[in-house]
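Observations on the model geometry
Each chain, written out:
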Amino acid sequence: MIGSRVAVVGGGIGGLAAAAFLHRGGVRSVVFEQAAELTEVGAGLVLAPNAVRLLRRIGVMDRLVGRAVPLDVGWEFRRWEDGQVLSAEDLAESCQQLYGERTYTVHRADLAQAIASAVPPGSLRLGKRCTSVEVFADAALLSFADGTSAEADVVVGADGVHSTVRGAVTEPVPPTYSGVCAFRGIVPTDRAPGFARRRAQTLWIGPAHHLVHYPISGGAAINLVAFAPAGDYAVESWSATASGAEFLAEFTGWDPRLRELILGVGTPGRWALLDRAPLRGWSAGPVTLLGDAAHPMFPFFAQGAAQSIEDAAVLARCLARAPSSPADALRRYESLRIGRTTRLQEVSHARAHVNHLPDGPEQEARDAALAQADPLVANGWIYAYDAEDEEIPSV
Ligand SMILES: Cc1cc2nc3c(=O)[nH]c(=O)nc-3n(C[C@H](O)[C@H](O)[C@H](O)COP(=O)(O)OP(=O)(O)OC[C@H]3O[C@@H](n4cnc5c(N)ncnc54)[C@H](O)[C@@H]3O)c2cc1C
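A few points on the structure. Since the model is a prediction, treat every value here as computed from it, not as a measurement. (Residues numbered from 1 in each chain as written. Predicted model: local features only at pLDDT ≥ 70, side-chain atom pairs only at ≥ 80, totals over all residues.)

When strand β1 (residues 6-9) meets strand β2 (residues 29-32), the two strands line up parallel, connected through 4 bridges. Within β2, the position partnered with Ala7 by the bridge is Val30. Running through helix α1 (residues 13-24), the crossover from β1 to the neighbouring parallel element β2 is right-handed. (Pairing = 2+ DSSP bridges. Helix = DSSP H or I, 4+ residues; strand = E, 2+ residues; numbered from the N terminus. Right-handed = clockwise from strand over helix to strand, strands pointing away.)

So, on to the site of the ligand. Neighbouring residues of the ligand: 32 residues in total, closest Gly10, Gly12, Gly160, Gly291 and Gly304. Listed by contribution, the elements that provide at least two residues to the shell around the ligand are α1, β3 (44-47) and α8 (304-321). Considering each element in turn, the shell around the ligand owes the most residues, 4 residues, to α8. Class assignment of the residues belonging to the shell around the ligand gives a composition of 15 nonpolar, 12 polar and 5 charged. (Near = placed C-beta within 6 Å. Nonpolar A, V, L, I, M, F, W, Y, C, P; charged D, E, K, R; others polar.)

Going residue by residue along strand β12 (residues 154-157), you find Val154 and Val156 tucked away on one face and Val155 and Gly157 tucked away on the opposite face as well. As judged from the 4 bridges shared by β1 and β12, these two strands associate in the parallel manner. Bridged to Val6 within β12 is Val154. In the sheet, β12 pairs with strand β19 (residues 287-289) via 3 bridges, with the strands oriented parallel. Bridge pairing in β19 links Val155 to Val287. (Buried ≥ 20, exposed ≤ 12 C-beta atoms within 10 Å, placed from the backbone.)

Once that is clear, we can look at unusual backbone geometry. At Ala208, a residue that is not glycine, the phi angle is positive and equals roughly 65°. For Ala208, the position within the fold is in the loop between β14 (200-206) and β15 (209-216). Judged by the 14 C-beta atoms lying within 10 Å of it, Ala208 is partly exposed. Even without glycine at this site, Ser217 takes up a positive phi of about 50°. Residue position: Ser217 is located in the loop between β15 and β16 (221-229).

Ranked by size, the top nonpolar core spans 120 residues in total, and within it Ala18 and Val155 carry the most contacts. Sorting elements by how many residues they give to this core places α8 first, with 10 residues. Setting aside chain neighbours within four positions, we find Val155 in contact with Ala7, Val9, Val133, Ala140, Leu142, Val165, Pro286 and Val287. (Core = buried A, V, L, I, M, F, W, Y, C linked by C-beta atoms within 7 Å. Contact = placed C-beta atoms within 7 Å.)

Here the focus is the sheet that holds β15. Across the sheet, which stays open at both edges, the 7 strands sit in the order β6-β5-β14-β15-β16-β13-β17 with mixed pairing between neighbours. Every interior strand has two partners, whereas the edge strands, β6 (85-90) and β17 (269-275), have only one. Each adjacent strand pair in this sheet contributes to an overall mean axis angle of 20°, direction not counted. Of the strand pairs in this sheet, strand β13 (residues 176-188) and β17 are connected by 6 bridges, and their pairing is antiparallel. Within the sheet, the bridge partner assigned to Tyr177 lies in β17 and is Leu274. Helix α10 (residues 361-372) contacts β5 (73-79) and β6 of the sheet and is inclined by roughly 30° relative to β6. (Axes fitted to C-alpha atoms, helices over the stretch in contact; angles between N-to-C directions.)

This paragraph deals with the sheet that holds strand β7 (residues 104-107). Strand pairing in a sheet is mediated by backbone hydrogen bonds. Such pairs are either parallel or antiparallel. Read across the sheet, 3 strands follow the order β3-β7-β4 without closing on themselves; strand pairing throughout is antiparallel. Each having just a single partner strand, β3 and β4 (69-70) make up the two edges of the open sheet. Note that β4 and β7 share 2 bridges and pair antiparallel. Bridging from a neighbouring strand, Pro70 pairs with Tyr104 of β7. Helix α5 (residues 108-116) contacts β3 and β7 of the sheet and is inclined by roughly 90° relative to β7.

Next comes the structure, spelled out in structure tokens:
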């Protein structure tokens, strides 16, 4: 019997979403998060319709009114040197008409807080760093760094790209160095240039680099994230920083209007993007994975958090439908999710090359293709998908 005995390791976007969807499905769970308080570092997220329609069903979009920014324009690709617009998507009317939802941008902290308020009080345990998972035939034992332990009928590893739980379902291989690093920061809107204040997600693409910005926090701030060669930089930490001068130096020779935006960040965060090949499976007996623990992806389709939310919705339905055979439920969850998340890992990976082409024939062909494409329609397989439409038989 599952009862209250689903243990979710990790209280990020995916773990919190899992607890919220499980609660809605009548399955009680406990989230064990290593951090002493629920804080999400300053950074933004794009929420595409496939995530928005799920979040709306657990009341999260209502809680984000005034904080999430509905985008008018998205995937606005600009040329690095002069800002020439290569292509742009109408995310106001067309997105709503095609997919029944708009696309929003949010501060991660706002999203985490909004999802946390859909989780029943008392089911979130903070300061609980899971150090090991011992698996038995139909149960598992979690041990924590504070010397305590907890038994569970089902363990969901939502503990991110460095997942500890992952070692209980597959060979414990560390993630690899990707060669790409990210600079990130937030600029108060009143210090940002006019082009960055629009309700638009803009991507400046150029040789070996690209830079993305969009408004968050109800329009009070602009989220800025930029990708550059990592060199020998290999620190993967949300708290590592760089200097404004280092950030600016990466974009020497780019459109001079970017200077004001980059300097508006003050001290940027910097971290190396990690890479992992897709897994062939991510469940074993009563243990499964979710979100970045299962399928970390480069952020170039802005789908990592969205996929963890989809995972959460499907996992909850599978567990609710098979209360007496959780291992079957986990296998079904994995089989419903793995094809889609693998495809997203692959297309996100490929985009690093495409976004970072040096000027030349390949770049010209890319720009011509961008000018003719309608990615809002071409990416319908991502945005139209409703994770709760999946057929799940009762067991
Ligand atoms: C630059 C950048 C931009 C992005 N933009 C987007 C976007 O626009 N849209 C989008 O959908 N996605 C985006 N993503 C991806 C998204 O951030 C991640 O895919 C998403 O946060 C994954 O959520 P998660 O809950 O699986 O993992 P995480 O957010 O990593 O959460 C894991 C949680 O587990 C906890 N934890 C870790 N180990 C332990 C342990 N041993 N015991 C207990 N707790 C533990 C951590 O403290 C953390 O709270 C972006 C990512 C990056 C890097």
